[in-house]
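This is what each chain is made of:
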Amino acid sequence: MTNSFTRSGLLLLSTALAGLPVLAQTAPEAPASTPPPEEEVEVVGPGAAVLEADEIVVRGTRIPNVVRTTPSIVSVLSSAEIARTGEGDIAGALKRVTGLSVVGGKYVYVRGLGERYSSALLNGLPLPSPEPLKRVVPLDLFPTSVISSSLVQKTFAPSFPGEFGGGVINLTTRSTPAERFFQVGGSVGGNSVTTGNLGYTYFGSRTDFTGFDDGTRRLPTALRDAKRSGQRLEVGDNFPLPFVQAATASLVNTPTTLIQRNPNIPADMSLDFAAGNSWDVGENRFGLVVSGSWDNDWRTRGGLQQTAFGVTVNPDGTRGLNPDQDYRFFSTDNNVQVSGLLGLAFEFGEHKVRATNFFVRDTLKEARMQRGLDTVNVGDDDEVIRSFTSWFERQLYTSQLVGEFRFGDLSLTARGAYAESGRKSPYERSDSYRFDARVKDFVNDLTQNGNFARIAFSDLQDQVIGANLDAAYKLALDRPVTVSGGYAFYDNQRESERRDYRYVRANGAALPLEVAQQRIDYLLSDFNVYTYGVVLREVSGAEGAAFYDASLRVHAGFLQFDAEVLDAVTVTGGVRYEDAVQKVSPRGVFATDPPLPQTEIKRGYFLPGGTITWNFRDDMQLRVSGSRTVARPQFRELAPQPYLDIDTDRTAFGNQFLVDSQLLNADGRYEWYFGEADRVTVGGFYKRINNPIETVTFESGGTFLITFANAPTARLIGGEVEVVKQFPLDALGIGLLDARRFLINANYTYTDSRIRVREGDTTINTQGNVIPAKDVFIDGAPLTGQSRHIANLELGLNHIDRLSEQTLLIGYASDRVTQRGPTGTPDYKERPGIQLDFVWREALELGRTPVEFKFEARNLTNTRFEEYQELEKSRIFQNLYERGRSFSLSATFSF
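Residues numbered from 1 in each chain as written. Predicted model: local features only at pLDDT ≥ 70, side-chain atom pairs only at ≥ 80, totals over all residues. Heavy atoms only, no water.

### As for the overall build of the protein
We count it as follows: Segments assigned H or I by DSSP are reported as helices when at least four residues long, segments assigned E as strands when at least two residues long, and all are numbered from the N terminus. When accessible area is computed with a 1.4 Å probe and restricted to protein chains, residues below 20% of their type maximum are described as buried, those above 50% as exposed, and intermediate ones as partly exposed. Contacts: residue pairs with any heavy atoms within 4.5 Å of one another. Using a 1.4 Å probe, the Shrake-Rupley method yields the accessible areas, and only the shown protein chains count as cover for residues.
Helix and strand counts for the protein come out as 12 helices and 47 strands. Going through the 895 residues of the protein one by one, you find that 59% of them count as buried. Long-range pairs, those at least 24 residues apart, make up 72% of the contacts in the protein with a sequence separation of at least 6. Looking at the protein as shown, the accessible area adds up to about 34800 Å², and 56% of this sits on carbon and sulfur atoms.

The structure is reproduced here in structure tokens:
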């Protein structure tokens, strides 16, 4: 099936290319699904430019004007550029931007710095994250259909939040349309490894395909009553055996435990709509935009998952790595995303008020199996089979209000937002069977020696309130001078709870072999609960706090100026002061739990920043920038609570003793703008980081856990180059190429980062012990997440008068460290490699209805996912699997 699907996809691609002349002759004269012909590219952010009250508005599509006039070093993706990439979410589109890479399909790394050093804003306002391990919102939650533009601010300006390392990504949602539009679209697609091939899944509930559970996974009443009692659920004085048996039997069993073969995994599908209009109200104008989408994707992965607990010395004296845990795994994920946007705008005179409401829900249903050896927990010869079923719900809602007011030379901008996000993981099940030579079968007697059955429920809720008020005033002087200032408030509150349960036999004995051989849903059946005493025992908090509260409250103010100090020389600079209090309060959930240590980081910072721009020719300019910024620990990094990272299948555990990282930043960039939309930019950057937070690994009970620690210092140096050039093809005299342009968009970023560890440097581990930093970090090692080389090449044909685009996209990122290796072993590294994509967008008319068709072919090089450790001539793979080639066809109808 795999080869058949691949051949079909390639045949479709070749047929599409061959059909280019036909489509070129039959397309309508105007793009079908670009709603307002007079497209407004709006880049909005606090302090994006003090020239226009922190807002830049450019009518038309000449984006280099935005890049050029902004008084900072930025990169911009317009709606046209986003559409050209063909990506379904903004994270995928952003990886085409100079210096940006995307990790795990959701987190954007700017100039090789991890997501902790980047922040995301929506219309200039902060967002909470539904991810327990991150405070940064994952950008795969934002469909490209709701985003009109994206600005990446690479140099710090005092009007931006002080948590600034790699950059700030400001997403701007669709604004008031110039004219009425209504669009309906859908897509169908597949993957050569997944679609139509064998996969594994479990039933769950009848409504899982919608992304919403029908109540099957709701916590049973008996378990809720046990939680409210404040006592640990186990057989004893607090809970008699009949109560615990009833609580165990109340769980939904077979639909949430039994993994089944699916010989024909369905195709990917999506539906979406968008509509908008504007109305004149006297001399004023009112606008509305509404959109919604549903997306259902499947992905199957199968390969290796290996772990080495130490370095092996071979007889010949060489060193190597041998896997102590060596599994083949197979998993199938079903990802469903539902989103909606409602935008309102009212323009009166020189003023504008906008309200934006955005909702997105992203659900991942996973079934995963492992089979192999575990010499640490089980033994050298006994094979084990492990199964996992899970249901992860991520949800985000935000409501924003923005007012922009102009009174002559005085401009005011007020912004306010309320946002909620959450992540729930009910019925997170796992079990393990061990091969027993006595019966020549796999058994699970629930004794924990390679045999177990577990279930967990976790719930995280985040709330953010953000507000800022900025003012800018143009002084009446001989040279242009604008002064600005403002106040910002940010309050983030989090509650996180995790309940863990283990299945045991009430009398503590092993199950009889004839019972232990049963498949998992029979093993946990009501019959065994009441006959053999198979019951739950709560183990919440056994490996850290089961519950924690966290908060971050920031009060900030800034002063900034923008002045032309000499002919063609502009200086933008100022200072920001931030006073922040960050707290993480773990606590037990049982009456007998002792008090747990609390974490509080209370610091104030003065953060200066400035940029000098020399416009030494009409089409050339040079920028130099410097600043000081800060990066605070994320909640999850401070919370001593275990958490499964679904991106890596590893368990993370926080470190309460982390401190803030402080950064010194320097940047420079040469810019040359020529032609209609052509440019060349060449830049360099330097960063010094005190106390950078790094991901490290430690062993606990035969399992590796991820945690975090402050390295002493790090430095990062690099450069980037971007070339954008369009070539008219009319002069070639080839009829098929008349009125067409050939586009080259190429960028390359080189980054070299090194951790500095000197004799006497120390760090603090999760137990609060001060230890030598050299025991955790290696001097000269790169920062986690940083690729030394990142390159993108975009080659495209586009028609001047109508929508007809054929784009080849090539991306490359060199190997990057994902985490520090444990117990003296080498670092874990990921190999992103080369990815080749092709996107074709074409406007046609079906009857009188304009239609935009889009064909996408992804990962044509069939680059696989590799995460590995390498020592001398040995290599083991933490994760190795085929990603496959993906193909999709979509259509959008405009009415």
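### Here we look at the packing of aromatic side chains
So the rule is basically this: Two rings from Phe, Tyr or Trp (for Trp, the six-membered ring) form a pair when their centres are within 6.5 Å of each other. A pair whose planes differ by under 30 degrees is stacked, one over 60 is edge-to-face, and the rest are tilted. For a Lys NZ or an Arg CZ to count as sitting over a ring, it must be within 6 Å of the ring centre and within 35 degrees of the ring normal.
Counted under the stated rule, the structure contains 16 aromatic pairs. Aromatic side chains tyrosine 427 and phenylalanine 457 sit 5.1 Å apart centroid to centroid with 70° between the ring planes, which places their arrangement in the edge-to-face category. One end of the pair, tyrosine 427, is in strand S20 (residues 410–436); the other, phenylalanine 457, is in strand S22 (residues 452–475), and 30 residues separate them in sequence. The two residues tyrosine 427 and phenylalanine 457 agree in class, both being buried. Summarising the aromatic geometry, the rings of phenylalanine 865 and tyrosine 881 are spaced 5.0 Å apart at their centres and angled 10° between planes, so their arrangement reads as stacked. Taken as a pair, phenylalanine 865 in strand S45 (residues 865–871) and tyrosine 881 in strand S46 (residues 874–881) lie far apart in primary sequence, 16 residues in all. Pair check on accessibility: phenylalanine 865 and tyrosine 881 agree, each one buried. Grouping aromatic residues by their ring pairs yields a cluster made of Phe329, Phe865 and Tyr881. Here lysine 365 stacks its cationic end above the ring of tyrosine 202, 5.0 Å away from the centre of that ring. A cation over a ring is seen here: arginine 454 above phenylalanine 452, with NZ or CZ 3.9 Å from the ring centre.

### Description of the environment of leucine 342
Locating leucine 342 in the fold gives a position in strand S17 (residues 325–348). A residue is classified by how much of its surface remains accessible, and leucine 342, at 34% relative accessible area, is partly exposed. Sequence separation between leucine 342 and arginine 174 is 168 residues, and the spatial gap between their C-alpha atoms is 9.4 Å.

### Thoughts on the nonpolar core
Inclusion rule: The set of buried Ala, Val, Leu, Ile, Met, Phe, Trp, Tyr and Cys residues whose side-chain atoms join them within 4.5 Å is what this entry labels a nonpolar core.
Core analysis: the largest hydrophobic core is formed by 28 residues, its most contacted members being Leu223, Leu233 and Tyr503. Broken down by secondary-structure element, the contributors of at least two residues to this core are helix H6 (221–229), helix H7 (241–249), S20, S22, strand S23 (481–505), helix H10 (520–523) and strand S24 (534–538). Once residues lying within four places of it in the same chain are set aside, the contact partners of tyrosine 503 are Thr248, Leu251, Arg429, Leu446, Ala453, Arg454, Ile455, Leu524, Val534, Val535 and Leu536. Ala120, Ile147, Leu171 and Val360 belong to the second-largest nonpolar core, a separate cluster that totals 27 residues.

### A few points about the pattern of salt bridges
Short version of the rule: Any Lys or Arg side-chain nitrogen located within 4 Å of an Asp or Glu carboxyl oxygen qualifies as a salt bridge.
All chains considered together, the criterion is met by 57 salt bridges. For aspartate 280, the salt bridge is made with arginine 285, and the minimal N-O distance between the two is 2.6 Å. On the basis of relative accessibility, which here comes to 58%, the residue aspartate 280 falls in the exposed class. It is possible to trace a salt-bridge network through shared partners that takes in Glu163, Arg576, Glu578 and Arg632.

### Notes on the sheet that holds strand S7 (residues 125–126)
Applied cut-off: In this scheme, strands are said to pair when DSSP sees at least two bridges between them.
Ordered by their spatial adjacency, 5 strands build an open sheet running S3-S8-S9-S6-S7, and the pairing between neighbours is mixed. Strands with a single pairing partner mark the edges of an open sheet, and in this sheet they are strand S3 (74–78) and S7. Bridge count for strand S6 (residues 118–122) against strand S9 (residues 167–173) is 5 bridges, and the pairing is parallel. Bridged to leucine 122 within S9 is leucine 171.

### Notes on a nonpolar patch on the surface
Selection rule: Note that patches include only residues with greater than 30% relative accessible area and no salt bridge, and the join distances are 9 Å for like charges and 5 Å for nonpolar side chains (Val, Leu, Ile, Met, Phe, Trp, Tyr).
A grouping of Phe407, Leu410, Tyr473, Leu475, Leu477, Val483 and Phe561 is seen on the molecular surface, where their side chains present a nonpolar patch of about 580 Å² in accessible area. Tracing the chain through its elements places tyrosine 473 in strand S22. Looking at tyrosine 473, the relative accessible area reads 38%, which means it is partly exposed.

### Looking at the side chain of threonine 807
Within the secondary structure, threonine 807 sits in strand S40 (residues 804–813). Threonine 807 sits in the buried class, given a relative accessible area of 1%. Other than its neighbours up to four places away in sequence, threonine 807 contacts Arg84, Glu794, Leu795, Gly796, Asp837, Phe838 and Val839.

### Concerning the environment of leucine 596
Mapped onto the fold, leucine 596 is located in the loop between strand S26 (569–587) and strand S27 (599–617). Looking at leucine 596, the relative accessible area reads 30%, which means it is partly exposed. Sequence spacing of leucine 596 and proline 586 is 10 residues, and the spatial spacing of their C-alpha atoms is 6.2 Å. Excluding anything up to four places from it in sequence, leucine 596 contacts Ala545, Pro586, Arg587 and Gly588.

### Side note on the pairing of S22
Two faces belong to every sheet, and in a regular strand the side chains alternate between them. Direction of pairing for S20 relative to S22: antiparallel, over a ladder of 21 bridges. Each bridged residue has a counterpart across the sheet, and for glycine 416 the counterpart in S22 is alanine 467. In this sheet, S23 lies alongside S22 in antiparallel orientation, the contact comprising 22 bridges. Bridge assignment links alanine 467 to a residue of S23, and that residue is phenylalanine 489. Where S22 folds back onto S23 in an antiparallel hairpin, the turn is made up of 5 residues.

### Remarks on the pairing of strand S43 (residues 833–846)
Buried residues dominate S43, accounting for 10 of its 14 residues. Both S40 and S43 contribute to a ladder of 10 bridges, which runs antiparallel. Counterpart to isoleucine 810 in the pairing with S43 is leucine 836. As paired elements, S43 and strand S44 (residues 849–858) share 9 bridges and run antiparallel to each other. Across the sheet, residue glutamate 845 finds its bridge partner in S44, namely proline 850. Two successive antiparallel strands, S43 and S44, enclose a turn made up of 2 residues, where glycine 847 displays a positive phi of approximately 65°.

### Considerations on H7
Among all positions in H7, only Val244, Gln245, Ala247, Thr248 and Ala249 are buried. Contact partners of the buried residues in H7: H6, S23, helix H11 (526–531) and S24.

### Comments concerning H6
Under the convention used in this document: Directions drawn from the helix axis to the C-beta atoms are what define this arc.
If you check which residues of H6 are buried, you get Ala222, Leu223 and Ala226. For H6, the arc enclosing every buried residue in end-on projection is 95°, short of the 170-degree limit, so these residues lie on one face. Lining the buried residues of H6 we find H7, S22, S23 and S24. In the stretch just after H6, glycine 230 is the one whose phi turns positive, near 80°.

### As for the side chain of glutamine 869
This is how the line gets drawn: We call two N or O atoms a polar contact when they sit within 3.5 Å, provided that within protein one can donate a hydrogen and the other can accept it, with sequence-adjacent residues counted only if both atoms are side-chain atoms.
For glutamine 869, the position within the fold is in strand S45. In terms of polar contacts, glutamine 869 uses its side chain to reach the backbone carbonyl oxygen of proline 826, at 2.7 Å. Within the structure, glutamine 869 has its side chain in polar contact with the side chain of glutamine 878 (distance 2.8 Å). Every residue in contact with glutamine 869, bar those within four places of it in the chain, is listed here: Ala308, Leu321, Gly821, Pro822, Thr825, Pro826, Asp827, Tyr828, Ser874, Arg875, Ile876 and Gln878.

### A closer look at unusual backbone geometry
Phi is positive for tyrosine 427, which is not a glycine, with a value near 55°. Owing to a relative accessible area of 1%, tyrosine 427 belongs among the buried residues under this scheme. Here leucine 446, not a glycine, exhibits a phi torsion of approximately 65°, which is positive.

### Thoughts on the environment of valine 504
If you trace the backbone, valine 504 turns up in strand S23. Residue valine 504 is classed as buried on the basis of its relative accessible area of 7%. In this structure the C-alpha to C-alpha distance between valine 504 and threonine 447, which are 57 residues apart in sequence, comes to 7.4 Å. Excluding residues that lie within four positions of it along the chain, valine 504 makes contacts with Leu446, Gly533, Val534, Val535 and Arg537.

### What about the confidence of the model for the protein?
Operational definition: Residue-level confidence of the predictor, termed pLDDT, takes values from 0 up to 100.
Mean pLDDT over the protein stands at 86; residues scoring 70 or higher make up 90%. This model gives residues 1–64 a pLDDT under 50, and the stretch forms 163 contacts once residues within four places in sequence are excluded.

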